[in-house]
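Residue strings, one per chain:
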Amino acid sequence: MRGPAVVPMVSSPSSERVLLLMFLSTAIIAAACLLSNSSARADNDGDISKLHAGREIFQAACVACHGADGSGAPKTLVGFDKPATFPSFDQCDQTAPEYIRDWKAVIRDGGPARGFSQIMPAFGDVLTPEQIDKVAEYLRSLCAKHDKERTWPPGELNLPRAMVTEKAFPEDEVVLTTAFNAKGAPGMTNNLTYEYRIDGRNQLEVALPVTSLHRNTGGYDTGIGDVAVGLKHVFFWNLDTAGRRGSIFAVQSEIVLPTGNSTKGLGTGEAALGVFGSYDVLLPQDTFLQFQAGGNFPRHTQTTPNDVYARSAFGASFSKGFGRQWSPMLELVADRNLQTGATTNWDLVPQFQVTLNTRQHIRADLAYRLALNNTAGRANEVMFYFLWDWFDGGLFEGW
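What counts, and at which threshold
- Residues numbered from 1 in each chain as written.
- Predicted model: local features only at pLDDT ≥ 70, side-chain atom pairs only at ≥ 80, totals over all residues.
- Heavy atoms only, no water.
- Helix = DSSP H or I, 4+ residues; strand = E, 2+ residues; numbered from the N terminus.
- Buried < 20%, exposed > 50% of the residue type's maximum accessible area, 1.4 Å probe, protein only.
- Contact = heavy atoms within 4.5 Å.
- Areas by Shrake-Rupley, 256 points an atom, 1.4 Å probe, with all protein chains shown as cover.
- Core = buried A, V, L, I, M, F, W, Y, C linked by side-chain atoms within 4.5 Å.
- Salt bridge = Lys/Arg side-chain N within 4 Å of Asp/Glu carboxyl O.
- Patch = residues over 30% accessible without salt bridge, like charges linked within 9 Å, V, L, I, M, F, W, Y side chains within 5 Å.
- Pairing = 2+ DSSP bridges.
- Disulfide = S-S within 2.5 Å.

So, on to the overall build of the protein chain. A tally of regular secondary structure across the protein chain gives eight helices and 14 strands. In the protein chain, which comprises 399 residues, the share counted as buried stands at 44%. Sequence-distant contacts in the protein chain: of pairs separated by 6 or more residues, those separated by 24 or more amount to 56%. Counting only carbon and sulfur atoms, one obtains 60% of the accessible surface of the protein chain, whose full area is about 20100 Å².

Laid out in structure tokens, this is it:
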């Protein structure tokens, strides 16, 4: 986020003139986007409250900075350098993944309210909540005009990430997940996941586990586990913005490479193919359901059997106005080896996710994985993840 330049305070007349010019320039920049309100006075007797259509409100209050098509007015008209976070509303890769409620927050409270540039002024005292809803819907429609094949699922279907259940929405994220045994033999696993969105419906995922296991003879064995490389594809999605309902379905296939040391228990020693489907449902009142089912199928099954799993998560999101978001969730997880006589393991995972910064692209989740059966060979785990949505900005931006 850019701010005004810092100039040393000196007493020479030339420096005073420079300071005066900088002050005037800053004032002009901050006022530029508000000057467009005067266009509403040409009609409606100067009363912008008489405007009801999203397009009309946009033309009256926003077009001076954002341009007639939403791609941004040229510098020669606005008079300032656009910040790196300046949006092009006609570009789906920039706007479709975002929540429309976040757009409303920026419109109402200004850019700094969401960790963006101060150049974006607040319109909460100019526009009514209904008008803000209308103009936000219009901004979303600018991308839809270029997305005839419905390639880009809307951000409303980007549900909070559960600890174990993988969601269907494709992301640009880095997630560090840590789990350690709450009882029994000490042990800890860290999993670094990198996700890169390709176009609107596809996602490349690379998962790098680092495990530390306690030896019976003392000490620890620590090293890289089996690396997984996957590709996700969204097959369909639907969204009813009026009823706050929707769903999205995706399938991911992955290759698990035998990079871990199997003699130390850090890997299986076998290459494997994994596949799963994810189905997420958005419900009214910001509640949601997530489902995932799949399996892992190693090249040889003599030492590493095939296994299947099913996972589900139920949760809700809460926020005060447009502020920090809190998302409690409860997961039910089941997995089973496909061996004769094997039984299904059942786990319960209560957890709590929270947004950490103003822009809400840094999040954390704390969970406890409780083994419900077959507890003799399985330990309960404390789990935590730190999530960085790098598409929305740098790690230290937006705080």
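Glancing now at the nonpolar core. Ranked by internal contacts, the top residues of the largest apolar core, which has 19 residues, are Ile48, Phe58, Ile107, Leu127, Val135 and Leu139. At the level of secondary structure, the elements contributing two or more residues to this core comprise α3 (54-61), α7 (100-109) and α8 (129-144). When residues in this core are grouped by element, the largest group, six residues, is from α8. Counting residues in hydrophobic clusters, the runner-up holds 13 residues, among them Leu157, Ala250, Ala313 and Met329.

All right, on to the pattern of salt bridges then. Enumeration over the complete set of coordinates arrives at 14 salt bridges. Close ionic contact of Arg378 with Asp347 constitutes a salt bridge, the shortest N to O distance being 2.7 Å. Pair noted here: Arg378 is in the loop between β13 (362-371) and β14 (381-388) and Asp347 is in strand β12 (residues 345-355), with a separation of 31 residues, a long-range link. You'll find Arg378 and Asp347 in the same group, each marked buried. The structure contains a network of salt bridges with shared partners spanning Arg161, Glu173 and Glu195.

The next thing to look at is a nonpolar patch on the surface. A cluster of nonpolar side chains, Tyr194, Tyr196, Ile198, Leu204, Val229, Leu231, Ile255, Leu257 and Leu273, forms an exposed patch at the surface whose accessible area comes to about 720 Å². Only β2 (187-198) and β5 (228-240) provide two or more residues apiece to the nonpolar patch. Among the elements that line the nonpolar patch, the one with the most residues is β2, at three residues. Its place among the elements puts Leu231 in strand β5. Overall, the relative accessible area of 44% leaves Leu231 in the partly exposed class.

Mapped onto the elements, Ser141 comes out in helix α8. When its relative accessible area of 24% is taken as the criterion, Ser141 is described as partly exposed. Through-space distance from the C-alpha of Ser141 to that of Cys92 is 10.0 Å; in sequence the pair is 49 residues apart.

Bringing the pairing of strand β11 (residues 325-337) into the picture now. The sheet contact formed by strand β9 (residues 307-316) and β11 spans nine bridges and is antiparallel. Its bridge partner lying in β11, Ala310 is registered against Ala334. Note: strand β10 (residues 318-319) against β11, two bridges, orientation antiparallel. Within β11, the position partnered with Phe318 by the bridge is Trp326. Between β10 and β11, which pair antiparallel one after the other, the connecting turn spans five residues, and Gly321 there sits at a positive phi close to 65°. As paired strands, β11 and β12 are joined by 10 bridges and run antiparallel to one another. Residue pairing across strands places Leu330 opposite Pro350, the latter belonging to β12.

Turning our attention to the state of the cysteines. Counted according to the given criterion, the structure contains one disulfide. Two residues, Cys92 and Cys143, share a disulfide whose sulfurs are 2.1 Å apart. The sign of the S-S torsion, about 115°, decides the handedness of the disulfide formed by Cys92 and Cys143: right-handed. Residue Cys92 is found in helix α6 (residues 92-95), and its partner Cys143 is found in helix α8; the two are separated by 51 residues along the sequence.

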